[in-house]
Amino acid sequence: MAPVELDFDSCYRAVSARDARFDGRFYTAVTTTRIYCRPICPARTPASRNVRFYRHAASAEAAGFRPCKRCRPELSPGDPGWDLRGDLIGRALRLIDDGAADDTGIGGLARRLHITERHLHRLFIAELGVGPLAVARTRRLLLAKQLLTETALPVTEVAFAAGFGSVRQFNATMRETYGFTPSELRATAGASASGSGLRLRLHRREPYDVEGIFAFLASRAIPGLERVEGLSYTRQVAGGSITLTPQKGYFALDATIEDTRQLARLVARCRRLLDLDADPDAISAALTETSLKPLVEARPGLRVPGTFDGFELAVRAVVGQQISVAGARTLLGRIVERTGPLFPTPAVLAEADLDGLGLTNRRVATLKDLATHMAAGHIDLDGGQDPAHAVHELLKVHGIGPWTASYIALRALRDPDAWPVGDLVLDKRMATLGIPPDHIDRWRPWRAYAALHLWSHS
C-alpha cells in the first residue's frame, strides 16, 4: 500500500512563503543536495522540479536525505495531526517519542498497543512509507543531533541518552545516515555546545499563552514534587530534577539527572505537559466562529495543560472531586510526603497506607481501586490504549464517574474534544456569559480548549 500523499502545490506554496503554520507538518527534501528541511528554512527556495515532500522526518531519511544543519529539523514542533489522533498510528508515534521502542523494541511496542508486530508495520508503511523501526531510529538520531549541537554532554553519554545500545552503533548509524560522525558534528557546533549543564530547546507554535499555563500549573503544584516561581516550573524526577522556562519561540528544558537514558522520555512528557504540539491557529479559527469568540480573542494561544504522568493525573482528578483546587493540592502533597520522594506508581499506591492524610474512606477506596486496575494493566493513560476504551475502563473503577473520566481524558489522554460533563464551574460561566447548553456541540472537535477558555475566564 502506498503512503498517504501530500498535496504538492500546497506544500510548495508554504515553503515559498516560509509559513510557520506548516512547521512540523511536513519536510522538504531537495534532490540536488540530498538534504531535507523544515518549511521555514531560510535557505533559498529550491526549484519545484528538485523538491520532494515527506510527512515524517523518518520518511525523508529512508529515502536517502540528510537533515539540514541550518534549519535543524530536530527542532520542529510535533505534527498536530498526530498529536490529536487517538488511532493506532497516532498512539504508536507518541509511544516511540516516549522511548517505548528503546525500552522494549518494536515487539514490545506492538504488545503495548495490543496488535501484532506485523500489523503495526503494515500500518506505518501505509501512512508514512516506512516502518516503526525507521521512525524510532530517526527519533534517536535527531535527539542525538540536538544534544551534540546544543549541549556539552560527552559523545558517549549522548549515544545512550538518545537511545542507542552502544557507542559503536551510534557512530555507525550516524555516519551511514547523515554522512558524518558524532565527533565531526560536535566539532562544527561551535560555541552553542560549549555551555555547562544539560539544556535543550523545546520549540512551540505561536501564539502561546505562557502566563495562562504557568498560572494553571502554579495553582496545582504538588508540594515536595513541583515548584512554580513566576515563569519557571521545576519538578523532581528519578535521579534529579528538571526546570522549564519560556524563551522566545521555545521553552528551555534544564535537566539535572543521574541517568541521561531517561532524557527522551523527559522531553516527550514535557512537550505533553505544555501542549507544545497543538495547532493554535486551527483551534482559534474554529472557536472564534462560535459564542466563545470574545474569550478566544482575549486569550490567544491558550493551551490545555497536559500531564507528566497519566496515573498521577488520574489521582489528581480523584482527589480533587468536590473540593477546592487548594484543598486537593494539600492532600496530594501529603500523599507524596507519605510515599515519596516522587509521585507513587500504581503498584506503590495500591499498597500504601493512606490513613490519617485527610482523605475520606470513600476516596481512599477509589484510589486503591484505580491503582489496582492500572497496576494490572487494565488501564493505560500514557498512550498505549484507545482513549474511548481507556475512558470505558476508568468508569469501571468504583468512585470514578463521567466528570472524572472526562477530565482525565482531557489532560492525560490528550483528547482535544473531551468535555468535563457536569462541571459546575463551566455551567456557571456559561450561564453568566449567556451561552446556552446546546452550544457545547458547536465547539467540536475542540471542546477541551473551550473548557479551558471558560475555566480561565473571570
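Quick caveat: nothing in here was measured; it's all calculated off a predicted structure. (Residues numbered from 1 in each chain as written. Predicted model: local features only at pLDDT ≥ 70, side-chain atom pairs only at ≥ 80, totals over all residues. Heavy atoms only, no water.)

## Concerning the overall build of the protein
Alright, step 1. Each helix and strand in the protein was counted, giving 22 helices and 9 strands.
Alright, step 2. For the protein, the C-alpha radius of gyration of 22 Å lies close to 23 Å, the compact-globule estimate for 458 residues.
Alright, step 3. When the backbone C-alpha atoms are referred to their principal axes, the protein occupies close to 65 × 50 × 45 Å.
Alright, step 4. Counting across all 458 residues of the protein, residues that qualify as buried make up 55%. (Helix = DSSP H or I, 4+ residues; strand = E, 2+ residues; numbered from the N terminus. Rg over C-alpha atoms; globule rule 2.2 N^0.38 Å. Buried < 20%, exposed > 50% of the residue type's maximum accessible area, 1.4 Å probe, protein only.)

## Observations concerning the environment of Leu120
Alright, step 1. For Leu120, the location among the structural elements is in helix α6 (residues 117–128).
Alright, step 2. On the basis of relative accessibility, which here comes to 0%, the residue Leu120 falls in the buried class.
Alright, step 3. With 85 residues separating them along the chain, Leu120 and Ile35 place their C-alpha atoms 28 Å apart.
Alright, step 4. Other than its neighbours up to four places away in sequence, Leu120 contacts Ala92, Ile106, Leu109, Ala110, Leu113, Ile115 and Pro132. (Contact = heavy atoms within 4.5 Å.)

## Thoughts on the packing of helix α7 (residues 132–150) against helix α10 (residues 182–189)
In helix packing, the relevant descriptors are the interaxial angle and the interaxial distance, both defined with respect to the helix axes.
Alright, step 1. Between α7 and α10, the least distance of the axes is 8 Å, while the angle of their chain directions is 40°. In terms of axis orientation, α7 runs oblique to α10. Of the two possible hands of crossing, α7 and α10 adopt the one that is right-handed. Of the residues in α10, those in contact with Lys145, Leu147, Leu148 and Thr149 of α7 are Pro182, Leu185, Arg186 and Ala189.
Alright, step 2. Broken down by class, the residue content of the contact of α7 with α10 amounts to 5 nonpolar, 1 polar and 2 charged. (Axes fitted to C-alpha atoms, helices over the stretch in contact; angles between N-to-C directions. Parallel < 35°, antiparallel > 145°, perpendicular 65-115°, else oblique. Left-handed = near helix turned anticlockwise from the far one by under 90°. Nonpolar A, V, L, I, M, F, W, Y, C, P; charged D, E, K, R; others polar.)

## Observations regarding the nonpolar core
In summary, soluble globular proteins display a tendency toward joint burial of nonpolar side chains.
Alright, step 1. Within the largest apolar cluster, 62 residues are counted, with the highest numbers of intra-cluster contacts made by Leu370 and Trp443.
Alright, step 2. Ignoring any residue separated from it by four or fewer positions in sequence, one finds Leu370 in contact with Phe311, Ala314, Val315, Val318, Ile379, Leu394, Val397 and Ile400.
Alright, step 3. Among the nonpolar cores identified, the runner-up in size contains 52 residues, and Tyr36, Ala57, Ile213 and Phe308 belong to it. (Core = buried A, V, L, I, M, F, W, Y, C linked by side-chain atoms within 4.5 Å.)

## Some words on the sheet that holds strand β1 (residues 27–30)
Alright, step 1. Read across the open sheet, the 4 strands follow the order β3-β1-β2-β4; overall the sheet is mixed. A strand with exactly one partner marks an edge of an open sheet, and here the two such strands are β3 (51–54) and β4 (66–67).
Alright, step 2. As defined by bridge partners, strand β2 (residues 35–37) adjoins β4 across 2 bridges and the pair is classed as parallel. Counterpart to Tyr36 in the pairing with β4 is Pro67.
Alright, step 3. Across the face of the sheet, helix α1 (residues 8–17) comes into contact with β1 and β3 while running at roughly 100° to β3. (Pairing = 2+ DSSP bridges.)

## What about helix α12 (residues 263–273)?
Every α-helix carries 3.6 residues per turn, so stepping three or four residues along brings you back to the same face.
Alright, step 1. By the criterion of burial, α12 is predominantly enclosed, with 10 of the 11 residues buried.
Alright, step 2. Along α12, the residues classified as buried are Leu263, Ala264, Leu266, Val267, Ala268, Arg269, Cys270, Arg271, Arg272 and Leu273.
Alright, step 3. Residue Asp275 follows α12 closely and has a positive phi angle near 55°.

## Remarks on the sheet that holds strand β5 (residues 198–203)
Alright, step 1. Pairing within the open sheet is antiparallel, and its 5 strands lie in the order β5-β9-β8-β7-β6. Looking along the sheet, the strands with just one partner apiece sit at the ends: β5 and β6 (226–228). Across the sheet, the axes of successive neighbouring strands diverge by a mean angle of 20°, strand direction being ignored.
Alright, step 2. Here β6 pairs with strand β7 (residues 233–237) via 3 bridges, running antiparallel. When the bridges of β7 are listed, Val228 appears paired with Tyr233.
Alright, step 3. Against the sheet, helix α11 (residues 210–220) engages β6, β7, β8 (240–247) and β9 (250–257), with an angle of about 135° to β6.
Alright, step 4. Where α12 meets the sheet, it contacts β5, β7, β8 and β9, and its direction lies at approximately 40° from that of β5.

## Observations regarding the packing of aromatic side chains
Alright, step 1. Counted by the stated rule, this structure contains 15 aromatic pairs.
Alright, step 2. Note on Tyr27 and Tyr36: the rings are 5.9 Å apart at their centroids and 85° apart in plane angle, and the pair reads as edge-to-face. With respect to class, Tyr27 is no different from Tyr36; both count as buried.
Alright, step 3. Taken together, the ring pairs in this structure connect Phe8, Tyr12, Phe22, Phe26 and Phe53 into an aromatic cluster.
Alright, step 4. Arg201 extends its terminal NZ or CZ atom over the ring of Tyr250, reaching a point 5.5 Å from the ring centre.
Alright, step 5. Over the face of the ring belonging to Phe251 we find Arg204, whose NZ or CZ atom lies 5.1 Å from the ring centre. (Phe/Tyr/Trp six-rings, centres within 6.5 Å; stacked < 30°, edge-to-face > 60°. Lys NZ or Arg CZ within 6 Å of the ring centre and 35° of its normal.)

## Thoughts on the state of the cysteines
Covalent bonding between the sulfur atoms of two cysteines is what defines a disulfide.
Alright, step 1. Inspection of the entire model under this criterion finds 0 disulfides.
Alright, step 2. Between Cys68, a free cysteine, and Cys71, which holds the nearest cysteine sulfur, the sulfur-to-sulfur gap is 3.8 Å.
Alright, step 3. Classification of Cys71 as buried rests on a relative accessible area of 7%. (Disulfide = S-S within 2.5 Å.)

## Some points on unusual backbone geometry
Alright, step 1. A cis amide bond, omega 0°, links Glu206 with the succeeding residue Pro207.
Alright, step 2. Along the chain, Pro207 turns up in the loop between β5 and α11.
Alright, step 3. Backbone torsion omega between Gly340 and Pro341 reads 20°, so that peptide bond is classified as cis.
Alright, step 4. Although it is not a glycine, Arg72 adopts a positive phi angle of roughly 55°.
Alright, step 5. Position of Arg72 among the secondary structure elements: in the loop between β4 and α3 (80–84).
Alright, step 6. Residue Arg72 is classed as buried on the basis of its relative accessible area of 9%.
Alright, step 7. One non-glycine residue with positive phi stands out, namely Arg414, at about 60°.
Alright, step 8. In this structure, Arg414 sits in the loop between α20 (402–411) and α21 (424–433).

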